[in-house]
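Single-letter residue listing:
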Amino acid sequence: MGRPSDTNALQTVLQQYGIQPMYIEPLGVIAKVHTQSGLFALKRIDASVRMDFVSHLQMLYQKGFHRIVPVYPTRDGRYGVLQGNDLYYLMPWLHDLPGENRQTKHEKLFRELARMHVLSQQETEVTEEERKEHTEATKQTWEAQRTFLEQFVEYCEEQWYMSPFELTYCMYYNDIRQACTFAINQLEVWEELMEEKQTMRSVLVHGKLSPEHFLYDEKGLGYFINFEQAKYASPLHDLLPFLARTLHARPTQHDDVLAWLQTYFATSPFQKEEMRLFLSYLAHPGPIVDIVERYYQRPKERRNEREDVRKLQEYHWRLKNIEYVVMKLEEEQKRREQAEKAAEAASTND
């Protein structure tokens, strides 16, 4: 079976849907299929990928969430056509709105994501042993990384002449150390809040959340596509990777990101422990730790100072962007918790 550029092969697949294409436009893993009855998208994925995501889509439809692109069945009821090492499935063709405001699109995306999370949410049992095992393993890793960062800054300061990377790292060290400490502290707060809980909230996460995976129909309604990695997990599995990519930019006050998150929280508010875990993982400077470890372990003759400094600078920019978002979220969380305590105290006095 050929790749999407082999239109004869694609026509063979489309026959199993009863579709007679007028024209097939290969676009990488997607083929745009022109027919008299409209446009379709025929997508190719690796045959090793299970089609479990179709059952997730059907579940969401049953719960009343329709902002997901449907997968069409073949004439004999299958949701995919297997050809060699490739698996094909058919959807309606959706598009992006040209000239749409970035802020508007992201707010729509986060609003629909929140609705999807709320409609699919369920409580998952977590034993005390499982929780402690996860917390201790994460804390040990992060504390070991913090120790390494401390030792590396001492190593740098002992040099007669610091390399450009070492000098840059020393300039950024306080920011990196503070992020490590904050992340560990938030994880400990999460652990305390979880002591009296036996469950955690899980939702159906998209798995590849991106503006490119939120497209529109002819009426301008937004729909999620690319659900192959959908699964039940914490909502953090959607939000954290998205924010890490978005905040990987030159330093600025990302009030736009805060607005998107407020749009999400308006429909799907985090519980106290969820917010602490979210802040912990968002703040932790894992990518910087990786960069410094690779630099330290690499022989001096194989180091590329210019490239290593560039990467360190980029991830420090991201660290500062994240710091702004985290601090604003923490301030809001503290205000909310103080208001709750004041309400409880007033109720007790009455």
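Draft legend 1. Highlighting the packing of aromatic side chains. Scanning all chains against the criterion turns up 22 aromatic pairs. Plain terms: the ring middles of F110 and F242 are 5.2 Å apart, the flat faces sit at 85° to each other, and that makes the pair edge-to-face. Remark: F242 occurs in helix α6 (residues 236-246) and F110 occurs in helix α3 (residues 102-120); sequence separation between them is 132 residues. You'll find F110 and F242 in the same group, each marked buried. Taken together, a centroid distance of 6.5 Å and an interplanar angle of 65° make the contact between F152 and F165 edge-to-face. With a gap of 13 residues between them, F152 in helix α4 (residues 128-157) and F165 in helix α5 (residues 164-193) connect regions that are remote in the sequence. Overall, F152 belongs to the buried group, its relative accessible area being 2%. The ring of Y223 carries the charged tip of R67 above its face, separated from the ring centre by 6.0 Å. Directly above the aromatic system of Y295 lies the positively charged group of R303, at a separation of 4.2 Å from the ring centroid.

Draft legend 2. Representation of the pattern of salt bridges. In this structure the tally under the stated criterion is 19 salt bridges. Its salt-bridge partner being R67, residue E112 comes within 3.5 Å of it at the nearest N-O pair. A residue pair is termed long-range when its members are at least 10 positions apart, and E112 in helix α3 and R67 in the loop between α2 (52-62) and β4 (81-83) qualify at 45 residues. Two residues, K272 and E340, come together in a salt bridge whose shortest N-O distance is 3.3 Å. Linking K272 in helix α8 (residues 272-283) with E340 in helix α10 (residues 305-349), this pair joins segments that are 68 residues apart in sequence. Each of R67, E112 and R115 takes part in one network of salt bridges that share partners.

Conventions we followed
- Residues numbered from 1 in each chain as written.
- Predicted model: local features only at pLDDT ≥ 70, side-chain atom pairs only at ≥ 80, totals over all residues.
- Heavy atoms only, no water.
- Phe/Tyr/Trp six-rings, centres within 6.5 Å; stacked < 30°, edge-to-face > 60°.
- Helix = DSSP H or I, 4+ residues; strand = E, 2+ residues; numbered from the N terminus.
- Buried < 20%, exposed > 50% of the residue type's maximum accessible area, 1.4 Å probe, protein only.
- Lys NZ or Arg CZ within 6 Å of the ring centre and 35° of its normal.
- Salt bridge = Lys/Arg side-chain N within 4 Å of Asp/Glu carboxyl O.

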